[in-house]
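# An overview of the molecular structure
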Amino acid sequence: MIKLIAMRELRSLFVMPSTWFVFAALQFIFAWFFLNALQSFLDFQPQLAQVENAPGVTAILAAPQFNMVALLLMMLVPMFTMRLIAEERRNQTFALLLSSPLSVHQIVLGKFFGLLVFLLALTCSVPLMIYTLAPGTHLDHGLLLGNCIGLLLLTASYVALGLYISSLTTQPIIAAIGAMAVLVGLWLADIAASAADSPWHQVSPFHHFQSFNSGLLDSGDVVFFFVFSASFLLLAMQRIHNNRRYG
Amino acid sequence: MSNVTPEITLSARNLSRSFGNLTVIHDVSLELKRGEVLGLLGHNGAGKSTTMQMLTGCLTPDNGDIEICGIDLARKPMHAKAHIGYLPETPPLYRELSVDDYLSFAARLRGIKPGEVSDALNRAKQRCGLTAVGHKIIGTLSKGYQQRIGIAQAIIHSPSVIVLDEPTVGLDPMQIRDVRTLIRELGDAHSVILSTHSLSEVESICDRVEILHRGTLVYSGTTAALDSHGGEAGKLEENFIRLTEQSEAETPS
């Protein structure tokens, strides 16, 4: 049933021309950024060769690329999560799910995984672009893998948050602005806190992504992403339950 | 006539529901038997849609129990809901999907096995006159077709209880006639509860009628009995107005 709902989300996304437009535009942005970074790497390569223990091509190219995608996702994910529940409630299609033999967690997880798969398809071109360099140079696979895992966990946490905010309203646009405000707010809280041990760093998903970005696989960060995503998914389930209860 | 009492497919006892301080439904009890079409009649805002949302598990009642085919809706929602087909006031259509895709999704959602979906799909499309539009995108179809797709998703899994909220609103006279014929057919094998504010609809297709006024049931009986209730026979409309006015006078303001 979770798969069925996820497939319906994907189908609805892919029959809309706007999805394909966003898909194409983002691939263009990713590619443009990648080629730009590659060009400047080639320009600086002779100077790097003189430095002892110079950072490799993966650290110079891949890490900023992933960092840029992580920032873009902050704007992008709310555009997709806004529809998940708010639009179903506005178009009154949610009654179909509520009156079907489904549990609330199947509805929420179905929507969560459906969108997550879509966003993975959207961002999978980033590591693929970097892997096109593999025939000509030596890549740091560990760093790339760390970044991929980090991006996956970060995307999941953004989707979970967006899904919850989408369950709070019947206006998709409010859900989008709300999710974006919270995500940008968490990011600002992180970069504005000057003290290294400030608690604000700990609440920001973007901060936890940074260690993946530098190739550090910290179990504490993994736990943070799991707790963050699970909390918002549970809140979304509770919210749908409350809607039934309190109207 | 057989002597076997028809199976009770839906029973609701003492349903109450309020939104904030506003009591919308007060102590409503309903019963539906297999092979029966029950009309829920009332003015706009009488609580028809709220009652139907509670019967289908979209809203939780504050008080009262609902049983679908003997299964408690609150305790075993997954089992109970497998026997319900529901058409809300606005058909719950994903406008970007094709008719076939949407109905297949609805069928799988209601627990039809993947191998049996195409049979169920063809049957539902045939019953609702949708065979020719299977590949069309729902958003491009007329209101009449959309309403029929809404009915098709409610009957695709052959549920015991079919709940239709104002099924003929917005249709032209020909379509209304077709939908009424369809509901009558459905009522013979399943059991149907439909809400309406059209008296002619009640007269032409319902076996029994319950009149809901300001959240309470003011009349319950066969359509023929309402026709002659407390007055001259054949004055359905006057009886309806009298019953609702009577309860208005009894309600302390």
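Let me sum up the structure you'll find in this document. Residue numbers here run from 1 along each chain, matching the order of that chain's written sequence. Starting at A for chains and at 1 for ligands, labels are handed out in the order in which the entities are written. In view of the model being predicted, local features appear only for residues whose pLDDT reaches at least 70, and side-chain atom pairs are presented and counted only at 80 or more, with totals across whole chains, interfaces and linings using the full set of residues. Where side-chain values are given, they derive from all heavy atoms of the structure, hydrogens and water being excluded.

Moving on: the packing of helix H1 (residues 2-14) of chain A against helix H3 (residues 57-90) of chain A. All names here are of chain A. Lines fitted to C-alpha atoms define the axes, with helix axes restricted to the stretch in contact, and inter-axis angles between N-to-C directions lie between 0 and 180 degrees. A run of DSSP states H or I qualifies as a helix once it reaches four residues; a run of E qualifies as a strand once it reaches two. Both are numbered from the N-terminal end. In the contact formed by H1 and H3, the axes pass within 12 Å of each other and the chain directions differ by 110 degrees. For the element pair H1 / H3, the angle class is roughly perpendicular. H1 and H3 meet at a crossing whose hand is right-handed. Contacts between H1 and H3 involve Arg8, Glu9, Ser12 and Leu13 from the former and Phe80, Arg83, Leu84 and Glu88 from the latter. Note that Gly is not counted as nonpolar here; it falls among the polar residues with everything else outside the nonpolar set of Ala, Val, Leu, Ile, Met, Phe, Trp, Tyr, Cys and Pro and the charged set of Asp, Glu, Lys and Arg. Classifying every residue of the contact of H1 with H3 by side-chain character gives three nonpolar, one polar and four charged. The cut-offs work like this: below 35 degrees is roughly parallel, past 145 is roughly antiparallel, 65 to 115 is roughly perpendicular, and the gaps in between are oblique. Put simply, a crossing is left-handed when the front helix is turned counterclockwise from the back one by less than a right angle, and right-handed when it is turned clockwise. Contact definition: two residues touch when any of their heavy atoms are within 4.5 Å.

With that settled, the discussion passes to the pairing of strand S1 (residues 8-19) of chain B. All names here are of chain B. Two strands qualify as a pair provided that DSSP identifies no fewer than 2 bridges between them. Pairing of S1 with strand S2 (residues 22-33) involves eight bridges; the strand directions are antiparallel. For serine 18, the partnering residue across the bridge sits in S2 and is threonine 23. Hairpin connection from S1 to S2: two residues lie between these consecutive antiparallel strands, with glycine 20 at a positive phi of about 65 degrees. Relative to strand S4 (residues 63-68), S1 is paired through five bridges, and the arrangement is antiparallel. Along S4, the bridge assignment pairs alanine 12 with isoleucine 66.

Now for the nonpolar core. Note on soluble globular proteins: their nonpolar side chains tend to be buried together. Put simply, buried Ala, Val, Leu, Ile, Met, Phe, Trp, Tyr and Cys residues joined by side-chain atoms within 4.5 Å make one nonpolar core. Buried residues are those whose accessible area, probed at 1.4 Å on protein chains only, stays under 20% of the maximum for their type, while exposed residues exceed 50% and partly exposed ones sit between those limits. Membership of the largest hydrophobic core comes to 145 residues, with the highest contact counts inside it found for Tyr102, Leu103 and Ile149 of chain B. Among the elements that line this core, the one with the most residues is H3 of chain A, at 14 residues. Ignoring any residue separated from it by four or fewer positions in sequence, one finds isoleucine 149 of chain B in contact with Leu93, Val99, Tyr102, Leu103, Leu130, Ile138 and Leu141 of chain B.

In this fold, glutamine 65 of chain A is placed in helix H3. The residues touching glutamine 65 of chain A, leaving out its near neighbours within four places in the chain, are Phe30, Phe33, Phe34, Val126 and Ile130 of chain A.

This paragraph deals with the interface of chain B and chain A. At the interface, 28 residues of chain B touch 26 residues of chain A. What gets called buried area is simply the loss in accessible area from a 1.4 Å probe that two parts show on being joined, summed for both. Roughly 2,500 Å² is buried in total at the junction of chain B and chain A, and carbon and sulfur atoms are behind 62% of that figure. For chain B, the biggest contributors to the area lost against chain A are Met78, Tyr94 and Leu109 of chain B; these three give 25% of the whole. Any Lys or Arg side-chain nitrogen found within 4 Å of a carboxyl oxygen on Asp or Glu counts as a salt bridge. Between chain B and chain A we count three salt bridges in total. Between arginine 245 of chain A and aspartate 62 of chain B there is a salt bridge, with its nearest N and O atoms 3.4 Å apart. Here a polar contact is recorded for every N or O atom pair within 3.5 Å, except that within protein the pair must consist of a potential hydrogen donor and a potential acceptor, and residues adjacent in sequence are included only if both atoms are side-chain atoms. Inspection of the chain B/chain A interface yields 11 residue pairs in polar contact (both at pLDDT 80 or more). Secondary-structure elements contributing two or more residues to the side of chain B that touches chain A are S1, helix H2 (77-81) and helix H3 (99-109) of chain B. In terms of residues, the side of chain B that touches chain A owes the most to one element, H3 of chain B, which gives five residues.

We now examine the sheet that holds strand S7 (residues 161-165) of chain B. Residue and element names in this part refer to chain B. Within the open sheet, the six strands sit side by side as S6-S7-S8-S3-S9-S10. Their pairing is mixed. Bordering the open sheet on either side are strand S6 (84-87) and strand S10 (216-222), each of which pairs with just one other strand. The sheet shows a mean angle of 15 degrees between the axes of neighbouring strands, taken without regard to direction. Bridge count between strand S3 (residues 37-41) and strand S8 (residues 191-196): five bridges; the pairing is parallel. Bridge pairing in S8 links leucine 40 to serine 195. Here helix H1 (residues 48-55) sits on the sheet in contact with S3, S6, S7, S8 and strand S9 (208-213), set at roughly 150 degrees to S8.

Whenever strands of a sheet pair, they do so through backbone hydrogen bonds, lying parallel or antiparallel. All names here are of chain B. Spatial ordering of the open sheet is given by S2-S1-S4-S5, a layout of four strands whose pairing is antiparallel. Edge positions in the sheet fall to S2 and strand S5 (71-72), since each of these pairs with one other strand and no more. As judged from the two bridges shared by S4 and S5, these two strands associate in the antiparallel manner. When the sheet's bridge partners are listed, isoleucine 68 is paired in S5 with isoleucine 71.

Next up on the list: the environment of asparagine 239 of chain B. Following the sequence through the fold, asparagine 239 of chain B ends up in helix H9 (residues 236-250). Note: C-alpha distance between asparagine 239 of chain B and leucine 226 of chain B (13 residues apart in sequence) is 7.1 Å.

Whether two aromatic rings pair depends on their centres lying within 6.5 Å, for rings of Phe, Tyr and Trp, where Trp uses its six-membered ring; planes under 30 degrees apart make the pair stacked, over 60 edge-to-face, and the rest tilted. As enumerated under the stated definition, the model contains 16 aromatic pairs over all chains in all. Here the aromatic rings of phenylalanine 212 of chain A and phenylalanine 225 of chain A are separated by 6.1 Å at their centres, their planes lie at 45 degrees, and the arrangement is tilted. Of the two residues, phenylalanine 212 of chain A is situated in helix H10 (residues 205-213) and phenylalanine 225 of chain A in helix H11 (residues 219-246); the sequence distance between them amounts to 13 residues. Residues phenylalanine 224 of chain A and phenylalanine 228 of chain A carry aromatic rings whose centres are separated by 5.5 Å and whose planes lie at 35 degrees to one another, so their mutual orientation is tilted. On the criterion of helical spacing, the pair formed by phenylalanine 224 of chain A and phenylalanine 228 of chain A is a turn pair, its members being four residues apart in helix H11. Overall, phenylalanine 224 of chain A belongs to the buried group, its relative accessible area being 16%. Members of the aromatic cluster, joined through ring pairs, are Tyr164, Phe212, Phe224, Phe225, Phe228 and Phe232 of chain A. Arginine 8 of chain A extends its terminal NZ or CZ atom over the ring of tyrosine 94 of chain B, reaching a point 3.7 Å from the ring centre. Think of it as a cone above the ring: NZ of Lys or CZ of Arg counts as a charge over the ring if it is within 6 Å of the ring centre and within 35 degrees of the ring normal.

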